[in-house]
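Structure assessment
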Amino acid sequence: MKFSHPAADIFVPDASVTPEAALARTTHLCVAAHQDDIEIMAYHGIVECFGLADKWFSGVVVTNGSGSSRTGIYGNYTDAQMQDVRRLEQRKAAFVGDYSIQLQLAHPSAAVKDRANAAVQADLTAIFAAAGADVVYLHQPADKHDTHIGVFGHSLTALRQLPPHQRPKRVFGCEVWRDLDWMVDTDKQVLDVGRFPNLAAALVGVFDSQITGGKRYDLATAGRRLAHATYHTSHATDQFDGITWAMDLTPLVNDPSLSVVDYTLNNNERFKQDVAARLAKFA
Ligand SMILES: [Zn+2]
């Protein structure tokens, strides 16, 4: 198994399995931009597979984690040392979450944001084809981080190139740098992330280098999931202890003629109509 960038990292928590076999048995796959994005956005996939013999979660981090802020015990670290820390933290999460394989492709953010970058495209095309996952988790297309959008865009291109029988059954666009609570309920995909809260806490918690500077991703991620579960329906008792909202991206993968911009903004249009219809009764 070989990827474009010489610093790409391949980690299989179960040393008795080859990387090829670990990728091939993947049923749930997340492709994300940065170290810790997977644990924030695709916990649903991790927990769907946790402890089961016939379901396997695998994670792909596309960037190298360079340029992240450094404070506290990391204050004197060079950029290269910080990349080492982040790579190791991602491996820790893969171990804790019992992932089948963790791939870190080590591309610079600039390469990811370049729509024409052939190296990023080639890596993702090979991974999606070899994994043959049933369920894929991507960044959602209304995210406000351009590197997230870059990973989303390259992933969609790669998925659309798969022959129909190799495409995943479900593709979810998940929240990191923007929630999806603005979508109308009928458009939202409800991902139950309330199970194994101990595991959920540990998975975000291992990324100490990101949290230690004062960004409490651990508390914020748990709080967002709880808030979504509580405010999902006003009358019913909470059905789940935690929810991640997702946009259903499956139609975009299955129909390459669909415009990503139109598809995304149509969600926004339905939200506008919902607000307008409620207010119109009192206007
Ligand atoms: Zn990120």
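Above this text you will find the structure in question.
This text gives an overview of the structure that appears in the document. Just so you know, these numbers come straight off a predicted model, no measurement behind them.

Overview of the coordination of the zinc ion
At this site the zinc ion is bound by H34 (ND1), D37 (OD), D37 (OD) and H148 (NE2), with donor distances of 2.1 to 2.5 Å. Given 4 donor atoms and angles of 55 to 138 degrees at the metal, the environment of the zinc ion is assigned as irregular. Coordination of the zinc ion draws on donor residues from a single chain, spaced H-x2-D-x110-H in sequence. One end of the pair, D37, is in helix 2 (residues 37-41); the other, H148, is in helix 7 (residues 146-161), with 111 residues separating them in the sequence. Of the two residues, D37 and H148, neither departs from the other in class, the shared state being buried.

Let's talk about the pattern of salt bridges
This model, assessed by the stated rule, comprises 14 salt bridges. The salt bridge involving D79 is made with R70; its shortest N-O contact spans 2.8 Å. Residue classification places R70 among the partly exposed residues on the basis of a relative accessible area of 28%. For D248, the salt bridge is made with R170, and the minimal N-O distance between the two is 3.9 Å. On the criterion of sequence distance, the pair formed by D248 in strand 8 (residues 243-248) and R170 in strand 6 (residues 170-174) is long-range, its members being 78 residues apart. According to the relative accessible area criterion, D248 is buried, its value standing at 17%. By relative accessible area, R170 is classed as partly exposed at 31%.

Comments concerning unusual backbone geometry
Across residues other than glycine, the phi torsion is negative in most instances, and most of the peptide bonds are trans. One non-glycine residue, D36, lies in the positive phi region at around 95 degrees. Structurally, the position occupied by D36 is in the loop between strand 2 (28-32) and helix 2. Overall, D36 belongs to the buried group, its relative accessible area being 7%. A positive phi angle, close to 50 degrees, is found at F196, a residue other than glycine.

Re the nonpolar core
L29, V31, V60, V62, L124, F128 and L138 are the most contacted members of the largest nonpolar core, which totals 42 residues. Setting aside chain neighbours within four positions, we find V62 in contact with V31, A32, A33, L105, A106, H107, V112, V120, L124 and V151.

What to know about the sheet that holds strand 2
Strand order across the open sheet formed by 8 strands is 1-4-3-2-5-6-8-7, with mixed pairing between neighbours. Both edges of this open sheet fall to strand 1 (9-11) and strand 7 (188-192), since each of them pairs with a single strand only. The sheet shows a mean angle of 25 degrees between the axes of neighbouring strands, direction not considered. The sheet contact formed by strand 3 (residues 57-63) and strand 4 (residues 101-107) spans 5 bridges and is parallel. In the strand pairing of strand 4, T63 is matched with H107. Set on the sheet, helix 7 makes contact with strand 2, strand 3, strand 5 (135-139) and strand 6; between it and strand 5 the angle comes to about 145 degrees.

The rules behind these values
- Residues numbered from 1 in each chain as written.
- Predicted model: local features only at pLDDT ≥ 70, side-chain atom pairs only at ≥ 80, totals over all residues.
- Heavy atoms only, no water.
- Donors = N, O, S within 2.8 Å, 3.2 Å for Na, K, Ca; no water.
- Tetrahedral: all angles 85-135°; square planar, octahedral: opposite > 155°, others 65-115°.
- Helix = DSSP H or I, 4+ residues; strand = E, 2+ residues; numbered from the N terminus.
- Buried < 20%, exposed > 50% of the residue type's maximum accessible area, 1.4 Å probe, protein only.
- Salt bridge = Lys/Arg side-chain N within 4 Å of Asp/Glu carboxyl O.
- Core = buried A, V, L, I, M, F, W, Y, C linked by side-chain atoms within 4.5 Å.
- Contact = heavy atoms within 4.5 Å.
- Pairing = 2+ DSSP bridges.
- Axes fitted to C-alpha atoms, helices over the stretch in contact; angles between N-to-C directions.

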